[in-house]
Amino acid sequence: MGMTMTQKILAAHANKEYVKAGELIQVKLDIVMGNDITTAVAIPEFQKTGAKEVFDKDKVVIVLDHFTPNKDIKAAQQCKSCRQFAYDTNIKHFFDVGEVGIEHALLPEKGIVVPGDVIIGADSHTCTYGALGAFSTGIGSTDMAIGMATGEAWFKVPKAIEFRLEGEFSPYVSGKDLILHIIGMIGVDGALYQSMEFTGEGVHSLSMDDRFTIANMAIEAGAKNGIFPVDEKTIAYTKEHSTKPYTIFEADADAQYEKTYVIDLSKIEPTVAFPHLPENTKTVDKAKDITIDQVVIGSCTNGRFSDMKAAADILRGKKVAKGVRTIIIPGTQQIYLDCIKAGYVEDFIQAGAIFSMPTCGPCLGGHMGILAEGERCVSTTNRNFVGRMGHVESEVYLASPAVAAASAITGKITDPRTLGEE
Amino acid sequence: MKAAGKVFQYGDNVDTDVIIPARYLNVSSGEELAKYCMIDIDPDFVNKMKKGDIIVAKKNFGCGSSREHAPLAIKCAGVSCVIAETFARIFYRNAINIGMPILECAEAANDIEDGDEVEVDFKSGVITNITKNCTYQAQGFPDFIQKIMEADGLVAQTKARMMQ
Ligand code: SF4
C-alpha cells in the first residue's frame, strides 16, 4: 500500500522505508520553534532534562510575538526569561522587537522552513508550513523542551483526508474562504488526528499566500497537519527566500485516504464563521445586517502582503464607518515596509484605520484591541471561541481580508462584491 | 493508579481559551494558572471543586491553542482525571507529556452526569460510576505512551535517556 505525502516525509525522518497509519515513531526534527508564551514554560522543562545545550543552535527558533512589545510587567518578565535563554544557548534564530514578526509569517519569509522539513512548534498554527510541502505541526511546551534537548519527537503516523481541488477562485474569493468552507463542511474535529492533504490541478492556481492561509487553519479542523504538493510556485518561493537545501516528496499514486472531497474552487463564495466556533460558517449573503464595532485585519492567517493589498484596494479613497475601530496589522517587518512602499499605509490611515507594528495582539485577546461586553468584531484571524478577543459576551466573526475591509466601510458584515451598490 | 471524585460535566469542543484564557498567560506557574482553571466556561469551578474531582466532557476536549498551560491548570487545580469521548490532539499529547491522566471513552462520556461519583482504574481502564452503579471500559494506552506515563512524564523519561 502506498504512502501519503505526510507519511513519506515522516518515514524519511524516522529512517524507515515505510510507515503506516497508527504506527508510533521517533522522528528527527529539522526545526523546533516556540514563542514568548510557550517557550517560557519550556525553559524549566528543558533544564530538568539535564541538557546544557540545545541539540543544534541553527535549528531552534524563538519568536517573541504574542505579548510584545511587552504588554505588562508579567509579560515583560516572561520575555526576559526567553531572551536570557536564547542568549545563553546561543541560538541563531532568535527574534525580538525590531526583527520580530508573527511566527508563522516570519519563518517562511526568512527561509527557515523549506519543503521536506519536519518542523514542530509550540504553537498550534505551526501547521502553516505545510503550504511549502513540509510536515509541520503544533505541539506543547514539553515537546518543545525535549525537541530542543534531543532533536527528536514522538508521533503517531496520521491517517489522511484528501481535498482534491479543481478550477480557480472567482474575484474577491481567497484561501480564507476555502478553508472556512472546508471547516464548515467537516467540523472542528472533522480531521481529528489526521492529515489534510491538498491535491489536484486547482492547487496550482493558488498563490503561496493562499496556501499558507489554508494550511494555517488545518488545526481548526482538528488536523495534525495540512500539506500541499510542491510545484513551480513553491520552488520559486523557496529559492527567493532560502538557501537551505530542500527535498520534494510526492504522495504515492496508491496512497490511502480515509475520504476524498472534490472541491470546485470556482463555486466557493466569500464565507464567514459565526460565533463561537470556526465551523459555524455561512456564505456572506446570509450574514446581512450584522452590525460591528471593530475590524481586525492581520494575524498568522491573514497578515501577509496580499492580505494587506486586498484590504488597501477596498479601503483606498473610502472611509471606515463611524464607530468601527479598524485595526490593521502586518505579519512581519518586511511586510510592514512593503506596505509603506506600496502606499497602503497612507490608504489605511486616510480611510480612518490604524496600522500597527507586527504582533499577535488582539488575535488571542492579548492587547491592541480587546473587546468589551456585547461588542462584535469581524476578524481575519482564525478562532472565534468564547472570550477569544476579550469579554466572554463579545463576538468574533471570522472572514477574509476583503470581507473584513468591506465590512469596515459599511459598519456591518458586507460582501465586497456589493460595495457601492447600496 | 486510581482516581475517585465528583464529576464536573461539560459538552463538545471545550477549547483551551475557556480552560485558561490568554489574559492569564503572562505567567507560567502551574499554581498561579490553577486559580483561573475553567474560568470562561464555569467561573466558579475552582471554588466548587475538591481535590481529586473529575472532568467529563464530550467530543474534542482541549481544542484550539497549543498552550500546555491548559492541562497544567487542570492538573494543578487538583483534578485527578479528564474523561472525554475524544481529545484534541495537542491537548492529548500535552496531557500525557506532563503526566495529567486522561481517558477516552465514548460510553462513559455520554452516560456520566454532572455530580456523579466516579472511580477510575488507570491500569485496567475501567471507569466505575458509583452513583449509577455501573462500569465502562476505556481504551488502554499503547505501550509507548504507557512508558511515558510510568516514567512520570516525557521530561523524566528523557532525562533517564540522556543520562545513559
Ligand atoms: S496571530 Fe493569533 S493564532 Fe497566530 S500565532 Fe499569533 S495568537 Fe496564535
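Summary of the structure given here.

Conventions we followed
- Residues numbered from 1 in each chain as written.
- Chains lettered and ligands numbered in written order.
- Predicted model: local features only at pLDDT ≥ 70, side-chain atom pairs only at ≥ 80, totals over all residues.
- Heavy atoms only, no water.
- Helix = DSSP H or I, 4+ residues; strand = E, 2+ residues; numbered from the N terminus.
- Buried < 20%, exposed > 50% of the residue type's maximum accessible area, 1.4 Å probe, protein only.
- Polar contact = N/O pair within 3.5 Å; in protein donor to acceptor, adjacent residues only side chain to side chain.
- Near = heavy atom within 4 Å.
- Nonpolar A, V, L, I, M, F, W, Y, C, P; charged D, E, K, R; others polar.
- Domains from an automatic or database assignment.
- Pairing = 2+ DSSP bridges.
- Axes fitted to C-alpha atoms, helices over the stretch in contact; angles between N-to-C directions.
- Contact = heavy atoms within 4.5 Å.

**A closer look at the environment of Ser306 of chain A**
Residues and elements named next belong to chain A. Looking at where Ser306 falls in the secondary structure, it is placed in helix α10 (residues 305-315). Overall, Ser306 belongs to the partly exposed group, its relative accessible area being 33%. Considering only alpha carbons, one finds Ser306 and Asp209, 97 residues apart in sequence, at a separation of 7.0 Å. Within the structure, Ser306 has its side chain in polar contact with the side chain of Asp209 (distance 2.7 Å).

**Examining the site of the ligand**
Residues and elements named next belong to chain A. Near the ligand lie 13 residues; those nearest to it are His125, Cys300, Cys360, Cys363 and Asn382. Contributing elements (two or more residues each) for the shell around the ligand: α4 (103-109) and α9 (299-302). Considered class by class, the residues forming the shell around the ligand number 5 nonpolar, 5 polar and 3 charged. In terms of domain composition, the shell around the ligand takes at least three residues from each of domain 1 (5-264) and domain 2 (272-415).

**Some thoughts on the sheet that holds strand β9 (residues 195-199) of chain A**
Residue and element names in this part refer to chain A. Pairing is parallel in the open sheet, where 4 strands are placed in the order β10-β9-β8-β11. Two strands in the sheet have a free side with no partner beyond their single neighbour: β10 (225-227) and β11 (259-264). With strand direction ignored, the average angle separating the axes of adjacent strands in the sheet is 20 degrees. In the sheet, β9 pairs with β10 via 3 bridges, with the strands oriented parallel. The residue bridging Met196 from the neighbouring strand is Gly226, located in β10. Strand contacts of helix α1 (residues 5-13): β9 and β10, with the helix running at about 110 degrees to β10, the strand carrying the most contacts. Across the sheet, helix α6 (residues 175-186) is in contact with β8 (160-166), β9 and β11; its angle to β11 comes to roughly 140 degrees.

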